[in-house]
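Working through the structure, step by step
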Amino acid sequence: MARILITSAIPYINGIKHLGNLVGSQLPADLYARFCRARGDEVMFICATDEHGTPAELAAAKAGKPVAEYCAEMHEVQKGLSEGFRLSFDKFGRSSSPQNHALTQYFAGRLADNGYIEEVTEKQVYSNADGRFLPDRYIEGTCPNCGYDKARGDQCENCTKQLDPTDLIDPRSAISGSTDLEVRETKHLYLRQSALKDRLDAWIDEKSDWPVLTTSIAKKWLHDGDGLQDRGITRDLDWGVPVKKGDADWPGMEGKVFYVWFDAPIEYIAATKEWSDEKGLDDDAWQRWWRTDKGAEDVRYVQFMGKDNVPFHTLSFPATIIGSGDPWKLVDYIKSFNYLNYDGGQFSTSQGRGVFMDQALDILPADYWRWWLLSHAPENSDSEFTWENFQASVNKDLADVLGNFVSRVTKFCRSKFGETVPEGGETGPREEALIADLSKRLDAYQAHMEAIDVRKASSELRAMWAAGNEYLQEAAPWSVFKEDEAAAAAIIRLSLNLIRLYGVLSAPFIPDASAEMLKAMGAEDAAWPKDIASALDALPAGQAFTVPENLFRKISDDEREDWQSRFSGVRT
RNA sequence: GGGCCUGUAGCUCAAUUGGUUAGAGCAGAGCGCUCAUAACGCUUUGGUUGGGGGUUCAAGUCCCUCCGGGCCUACCA
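Source: prediction; values computed, not measured.

Secondary structure assignment for chain A yields 19 helices and 19 strands. In terms of overall size, chain A behaves like a compact globule, its C-alpha atoms giving a radius of gyration of 27 Å where 572 residues would be expected to give roughly 25 Å. With 572 residues in all, chain A has 56% of them scored as buried. A separation of at least 24 residues holds for 77% of the contacts in chain A among residues at least 6 apart in sequence. Counting every atom, chain A has about 23600 Å² of accessible surface; 45% of that belongs to carbon and sulfur. Taken together, the 64 basic and 91 acidic charged side chains of chain A have centroids lying 1 Å from each other.

This is how it looks when you write it as C-alpha cells:
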C-alpha cells in the first residue's frame, strides 16, 4: 500500500474562486486523491486558505471588518464551497493558524542559522494618509516613458515598461489616492536563493518526467539573466506571521511580518499538523508525512497548481526546505495547469467575469461541473469554457451515455423480471468480448490516472460507459426475452453489474452519481476491481435493486441562453 | 525587448517522441433498434497538420523563416 501526500495550491482568501481556479488545482488534486484512495493507497490530501498579505487587508477594509474576522468568515465560505464540490480534503486549513505561525518562524530561524537569510536595508514608499508602506503595484502615477496616467509602480500596463515607483510622475496611493507619499528606509529579510541555485538546478534536472510547463518555468527562473535572485520574505504589514527567529525575537524586525509567499507553502505542512492536533494525535501523526527521518521516506508527494504558482513551488519553497538543513520531504511530482478561459476572454476575480464556485452550484450539482472541467482540463494549453460546449458535453456524456444506460437497464429489468437481479441463463462469446474490451480499457484508464493525464483518463472512462450501450444494443435483451427468458436474464444480470462497476470506476470524477449507482444496485462491494470478469459477477442473482431517478438531467437550450446572458456581465 | 508554450476535421482534442493510409468525441448525413432521459447502435462525409523553405530513405513530429493565439518576466497572490 503506497502512501501518497497530495497538496493543492491554496486559494487566496479575498473572495470566492472561479471555475478556472478550481480546475487548475483543487479539482484535479481531488480526482487523484479519490483515485489513490480507491486503489487502497493511504492518502493525505491537504488544502487551506491563503490568508495573509495586502489584498486580504484591503478586502477586509472594503467589507468594513477587522481582517481576522473577514478571513475567518471567508474561510468558512470557501470551506463550504469545497464541500459543495465534493473536494475530499483530509484537512482544509488556514495559513493564519497558530501551527503555521510557529512553523514559519521555525523555518526562518533554521534558514538564518544556516546562513541563508540576509538583512537588507532598502527604500520603500510610505503613504502617510494610509498609514502604511505601499507595495509597488499599489502606487499609481504617470508613466515617464509613455505618459499613461494609470501606470503602476512595478510596471506600466500601457507600454509594458518595467518601472520603479520612484520613476512615476505625480505618484499617488492606489488605495486612497493620496499624494502624501514619502520614501522611507526599511529593513527586510531576504532568502538567499542564489546560494541554493546549483542545488535547485540539479534537483530540477532529475525531474525528467515532470510536465514541460513545470520544468520550463523553473529553468527560466534559474537561468534567466543573472540566475536565481534572492527574494524578500518580509513585509511592513500588520496582518501576517510576525517575524521571529524560531521562538526568539528578531532584533530590528519588530512590527514586520513574513511575506505571504514565504508562509503559504509552509501551510501545507502546518495544515497537516492542524489535522493531527484536531484529532488529538501526537506529532508522529503528521511528521510521518513530512519528515523523511520520521517515516516519510516512502511517501510520494504530489502537488497540483496553476502555472502562475510554479516558481514558488519549484524554487522558493524547495529553497526553504533545503536551506533549513532538516530532513523535510521534497515534492516528487508537480502537476501544473494552464488557464481556463471564459467565453473568449479570461476569467477574472477582480472583474467578476465568468462563473464562480457559488454560482455554479446554484445552477447545477457538482458532478456536472466536475465532469466538464476535468474532461476539459487545460493540461497542454489554455482551454476555454463556453456554454454551448458545456451543454453539449454534459447532455451527451452524462445524460445520454451514462445516465440513460442506467435508466434503460433498470427499467427494462423492472418490467420483465422485477426489482431483483434475475437468475438463469449463461454468458457467451459476446460477454467475453465485452470483458476483454473493458479489461483493456481499465488498464488504460488506470495508467492515465497514475500518470495524472486527466483528459485521457476521462475519455477512457467515457469509452467504458459507451461500451455498455454497444453491448446492450448487440445483445438486444428486449428481443431475446420473447424467445428465451433465461438468456435475457443473463444479459440483464451482466448489465446491472456494469452499473455497479461504473459506480466504482466513475467515483473519482462524479462521486455523487457514483454513490447513487452503488446505492441503487444495493452494492456492498465497492472495491476497486482487480479484474473485470469477477467485478461483473459481484451482484448475485436474487439481489434487490432499485430504479434510481434519472442520474442526470439535460440542460435545455433556454437554460443555456439564460445562463449565457446572466453571466456575460460583471458580477454584482 | 527576452524566454516559454501553442496552431492538426465546423468544434474540443489524440497521434506510442522521426516510421506505413494523421485518429477519437461532438456536430452533419444515411441506415437500424424500440429497453431507455427523442435516448442507443452501425455506417459515413469532412484534413495541402497556420504559410513558405530546409534536413532525412522517411517530417504533424527536427531546423530556419514569416503569420496568428497565450503565458511568464521576480513587490498581486
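As a structural note, the neighbourhood of RNA strand B is formed by 51 residues, with Q124, R137, Q346, N380 and N404 the closest of them. The contact atoms of RNA strand B, taken as those within 4 Å of the protein, divide so that sugar and phosphate hold 71%. Between Q229 and RNA strand B, the recorded distance is 3.2 Å, taken from a backbone N or O atom to a base nitrogen. Separating a sugar or linking oxygen of RNA strand B from a side-chain N or O atom of N550 is a distance of 3.4 Å. Residue assignment for the surface near RNA strand B shows that the elements contributing at least two residues are β4 (117-127), α6 (212-223), α7 (260-278), α12 (387-417) and α14 (454-475). It is α12 that provides the largest number of residues to the surface near RNA strand B, a total of ten residues. Classifying every residue of the surface near RNA strand B gives 15 nonpolar, 16 polar and 20 charged.

Right, let's get into the packing of aromatic side chains. Following the criterion strictly, the structure yields 31 aromatic pairs and no others. Grouped by ring-pair contacts, the aromatic residues Y342, W369, W372, F385, W387, F390, W563 and F567 constitute a single cluster. The ring of W289 is capped by R3, whose NZ or CZ atom sits 4.5 Å from the centre of that ring. Over the face of the ring belonging to Y339 we find K307, whose NZ or CZ atom lies 4.8 Å from the ring centre.

Spatially, four strands are ordered β5-β4-β9-β10 in an open sheet, and the strand pairing comes out antiparallel. Edge strands, defined here as strands with exactly one partner in the open sheet, are β5 (132-133) and β10 (231-232). Taken together, the two bridges between strand β9 (residues 181-191) and β10 define a ladder with antiparallel strand orientation. The partner of L191 across the bridge, within β10, is R231.

Further remarks concern the nonpolar core. In terms of nonpolar packing, the biggest core is built from 173 residues, with L19, W369, W387, F390, Y445, L496 and F509 touching the most fellow members. When residues in this core are grouped by element, the largest group, twelve residues, is from α12. Residues within four places of W369 in sequence aside, it is in contact with L19, F85, V355, A360, L361, I363, L364, F385, W387 and F390. With eight residues, the next largest nonpolar core counts L134, C143, L163 and L181 among its residues.

Moving on: unusual backbone geometry. Glycine aside, residues mostly have negative phi, and peptide bonds are mostly found in the trans state. We note that D170 has phi near 50°; this positive angle belongs to a residue other than glycine. Relative to the helices and strands, D170 is located in strand β8 (residues 169-173). With a relative accessible area of 59%, D170 lands in the exposed category. Although it is not a glycine, I452 sits at a positive phi angle of roughly 55°. Considering the arrangement of structural elements, one finds I452 in the loop between α13 (429-450) and α14. In this structure I452 comes out as buried when scored by relative accessible area, which is 3%.

Where empty space is left can be seen by rolling a probe of water-molecule size over the atoms. For the coordinates displayed, the defined rule picks out four cavities of 30 Å³ or more. Approximately 60 Å³ is the volume found for the largest cavity. If you go around the largest cavity, the residues you meet are L191, Q193, R231, I233, Y259, W261, F262, F312, S316, F317 and T320. At four residues, the largest contribution of residues to the lining of the largest cavity is made by helix α9 (residues 310-324). Tallied by class, residues from the lining of the largest cavity come to seven nonpolar, three polar and one charged.

A word on the side chain of S336. Inspection of the secondary structure puts S336 in strand β16 (residues 333-337). Relative accessible area serves as the criterion here: at 2%, S336 is assigned to the buried category. Within the structure, the side chain of S336 is placed 2.7 Å from the side chain of T214, a separation counted as a polar contact.

As enumerated under the stated definition, the model contains 35 salt bridges in all. One salt bridge in this structure joins R430 and E474, with 3.5 Å as the shortest N-O distance. With R430 in helix α13 and E474 in helix α14, the pair connects residues that are 44 residues apart, well separated along the chain. Judged by relative accessible area, R430 falls into the partly exposed class, the value being 37%. When salt bridges that share partners are traced, they join R3, E42, R288 and D298 into one network.

Our focus in this paragraph is the sheet that holds strand β6 (residues 139-142). Two pairing modes exist for strands in a sheet, parallel and antiparallel, and in both the strands are linked by backbone hydrogen bonds. Here three strands make up an open sheet; going across it, the order is β7-β6-β8 and the pairing antiparallel. Among the strands making up the open sheet, the edge pair consists of β7 (151-152) and β8. Relative to β7, β6 runs antiparallel, the two being bridged by two bridges. From the neighbouring strand, G141 faces β7, where its bridge partner is A151.

Turning our eyes to something else, we now look at the side chain of N309. Relative to the assigned elements, N309 resides in the loop between β15 (299-306) and α9. Classification of N309 by relative accessible area gives buried; the value is 15%. Once residues lying within four places of it in the same chain are set aside, the contact partners of N309 are A9 and W261.

Rules used in this analysis
- Residues numbered from 1 in each chain as written.
- Chains lettered and ligands numbered in written order.
- Predicted model: local features only at pLDDT ≥ 70, side-chain atom pairs only at ≥ 80, totals over all residues.
- Heavy atoms only, no water.
- Helix = DSSP H or I, 4+ residues; strand = E, 2+ residues; numbered from the N terminus.
- Rg over C-alpha atoms; globule rule 2.2 N^0.38 Å.
- Buried < 20%, exposed > 50% of the residue type's maximum accessible area, 1.4 Å probe, protein only.
- Contact = heavy atoms within 4.5 Å.
- Areas by Shrake-Rupley, 256 points an atom, 1.4 Å probe, with all protein chains shown as cover.
- Lys, Arg positive; Asp, Glu negative; His and termini not counted.
- Charge placed at Lys NZ, Arg CZ, Asp CG, Glu CD.
- Near = heavy atom within 4 Å.
- Polar contact = N/O pair within 3.5 Å; in protein donor to acceptor, adjacent residues only side chain to side chain.
- Nonpolar A, V, L, I, M, F, W, Y, C, P; charged D, E, K, R; others polar.
- Phe/Tyr/Trp six-rings, centres within 6.5 Å; stacked < 30°, edge-to-face > 60°.
- Lys NZ or Arg CZ within 6 Å of the ring centre and 35° of its normal.
- Pairing = 2+ DSSP bridges.
- Core = buried A, V, L, I, M, F, W, Y, C linked by side-chain atoms within 4.5 Å.
- 1 Å grid on protein atoms, 1.4 Å probe; cavity = no way out; pocket = protein on both sides within 12 Å on 5 of 7 lines; lining within 4 Å.
- Points joined across faces, edges and corners; volume = space filled by probe spheres on them.
- Salt bridge = Lys/Arg side-chain N within 4 Å of Asp/Glu carboxyl O.

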